[in-house]
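Survey of secondary and tertiary structure
Chain by chain, the residues run as shown.
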Amino acid sequence: MSDAPRNLLDDPTADPFDVALRAANQIAERTGVERHEIALTLGSGWGKAAELIGETTATIPAHEIEGFSRPALEGHVGTLRSVLLPNGKRALVIGARTHYYEGHGVRRVVHSVRTAAAAGAEVMILTNGAGGIRESWSPGTPVLISDHINLTGDSPLEGATFVDLTDLYSARLRAIAHSIETDLDEGVYCQFRGPHYETPAEVQMAKTIGGHIVGMSTALEAIAARQAGMEILGLSLITNLAAGIQSTPLSHLEVLEAGRDAEPVISALLARIVGAL
Ligand code: 8IG
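Because the structure is predicted, anything quoted here is derived from the model rather than measured. (Residues numbered from 1 in each chain as written. Predicted model: local features only at pLDDT ≥ 70, side-chain atom pairs only at ≥ 80, totals over all residues. Heavy atoms only, no water.)

**What about the site of the ligand?**
The condition that has to hold: The nearness test applies per residue and asks whether one of its heavy atoms lies within 4 Å of the molecule or strand. Each polar contact in these results corresponds to two N or O atoms within 3.5 Å; when the atoms are within protein, one needs to be able to donate a hydrogen and the other to accept it, and residues that are neighboring in sequence are counted only if both atoms are side-chain atoms. For the accessible areas, the method is Shrake-Rupley and the probe is 1.4 Å, while residue cover comes only from the protein chains on display. A run of DSSP states H or I qualifies as a helix once it reaches four residues; a run of E qualifies as a strand once it reaches two. Both are numbered from the N-terminal end. Polar here means any residue other than Ala, Val, Leu, Ile, Met, Phe, Trp, Tyr, Cys and Pro, which are nonpolar, and Asp, Glu, Lys and Arg, which are charged; Gly is therefore polar.
Taken together, the residues surrounding the ligand are Gly 129, Ala 130, Gly 131, Tyr 197, Glu 198, Val 214, Gly 215, Met 216, Thr 239, Asn 240, Leu 250 and Val 255. Contact distances for the ligand include 3.4 Å between a nitrogen atom and a backbone N or O atom of Gly 131. A distance of 3.5 Å is found between a nitrogen atom of the ligand and a backbone nitrogen or oxygen belonging to Gly 215. Alone, the ligand offers 330 Å² of accessible surface; in the complex the protein occludes 94% of this. For the shell around the ligand, the elements supplying multiple residues, two or more each, are β5 (123-132), β8 (213-215) and β9 (231-241). Among the elements that take part in the shell around the ligand, β5 stands out by supplying three residues, more than any other. Taken together, the residues of the shell around the ligand sort by class into six nonpolar, five polar and one charged.

Below you can see the structure in the form of structure tokens.
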């Protein structure tokens with residue numbers, strides 16, 4: 001038996017929105033900031049943006065907040081930060097992502113997004129490291145997410161909760177991103193369950209059904225963000241070409257390296273986008 005404290009979200013009778021509200025209240029108390037207008041989840045390759053977007057006024061180990069867990073993966077930072085933006089707004093920077101492949105259930109996956117909404121965020125920026133299907137994308141290319149295909153077979157919505165996902169990735173926010181970086185490409189993000197990377201045949205399937213990016217995180221989070229009424233901006237850092245698109249095998253090390261190399265450039269881009277919101 002593990003002696004780690006149990007997570008409230010693992011209790012099926014707990015209301016996940018209630019847990020998110022408790023988390024948001026704890027964040028308000030720990031940061032001294034009543035309301036965070038913008039939230040960002042920083043995936044692999046995007047971490048440096050936290051320093052560039054503004055002044056960090058509080059840093060909290062995420063696992064000290066209700067419903068959050070310790071980071072499962074090296075290269076993922078388990079902190080929540082409150083950042084004061086130059087325009088006076090407050091951003092909640094989430095460096096702690098629970099992935100679907102960890103097997104803790106979708107409630108744990110989307111808890112950070114629901115917490116951000118409960119903390120007052122109206123804009124949710126979701127970033128990730130991902131594989132690229134377009135051959136013109138070299139590792140290190142940032143791509144705007146225009147839409148997604150959720151291949152997990154799961155949903156963060158429970159019961160007969162029908163949520164419209166038209167314009168899930170806000171055209172308004174994408175236009176702002178384009179005004180900052182005119183040659184930013186867009187693509188459809190396919191979320192696979194992982195943690196294995198795709199087979200080349202699966203990548204071809206994703207391409208055939210209209211996908212351009214393959215990843216393991218963002219679609220489920222975006223659905224929960226929309227349910228919570230937030231406007232969503234999604235950005236992928238292409239850290240590798242998807243399996244079979246490149247001739248060499250994929251390695252997690254390669255992914256981390258591409259992320260590290262691109263980090264200063266894409267983080268500066270994200271900081272400029274945040275500054276324009
Ligand atoms: I970084 O090639 C990263 N994440 N599914 N496929 C999937 N997720 C990824 C990939 C990839 N690269």
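**So, the side chain of Gln 191**
Under the convention used in this document: For each residue, the accessible area found with a 1.4 Å probe, counting protein chains only, is set against the maximum for its type, and the residue is called buried under 20%, exposed over 50%, and partly exposed in between.
Tracing the sequence through the fold places Gln 191 in strand β7 (residues 185-191). For Gln 191, a relative accessible area of 0% translates into the label buried. Here the side chain of Gln 191 touches Leu 220 through a polar contact of 3.0 Å, landing on its backbone nitrogen.

**Some thoughts on helix α1 (residues 16-31)**
Here is the rule we go by: Multiplying one less than the number of residues by 1.5 Å gives the expected span of a helix. Contacts: residue pairs with any heavy atoms within 4.5 Å of one another.
Taking 1.5 Å per residue as the helical rise, α1 with its 16 residues ought to reach 22 Å, and the 22 Å between its terminal C-alpha atoms agrees with that figure. Within α1, the full set of buried residues consists of Pro 16, Val 19, Ala 20, Ala 23, Ala 24, Ile 27, Ala 28 and Thr 31. Looking at the buried side of α1, the elements it contacts are β2 (55-61), β3 (79-84), β4 (90-94), α3 (106-109) and α4 (111-118). The opening residue of α1 is Asp 15, an N-cap whose side-chain oxygen sits 2.9 Å from the backbone nitrogen of Phe 17. The first or second residue beyond α1 is Gly 32, which carries a positive phi of 70°.

**Digging into the UniProt feature "binding site: a purine D-ribonucleoside" (unreviewed entry) in the protein chain**
The following threshold applies: UniProt positions are given in the numbering used here, feature names are shortened, and annotations may be inferred rather than shown by experiment.
Sites flagged by UniProt as "binding site: a purine D-ribonucleoside" (unreviewed entry) map to Glu 198 and Asn 240. Spatial clustering of the annotated residues is evident: they stretch over 43 residues in sequence, but the largest pairwise C-alpha distance comes to 12.2 Å. With respect to the helices and strands, the residue Glu 198 is situated in the loop between β7 and α6 (200-208). For Glu 198, a relative accessible area of 9% translates into the label buried. Leaving out residues up to four positions away in the same chain, Glu 198 has contacts with Phe 192, Val 203, Val 214 and Ala 243. Relative to the elements of secondary structure, Asn 240 occurs in strand β9.

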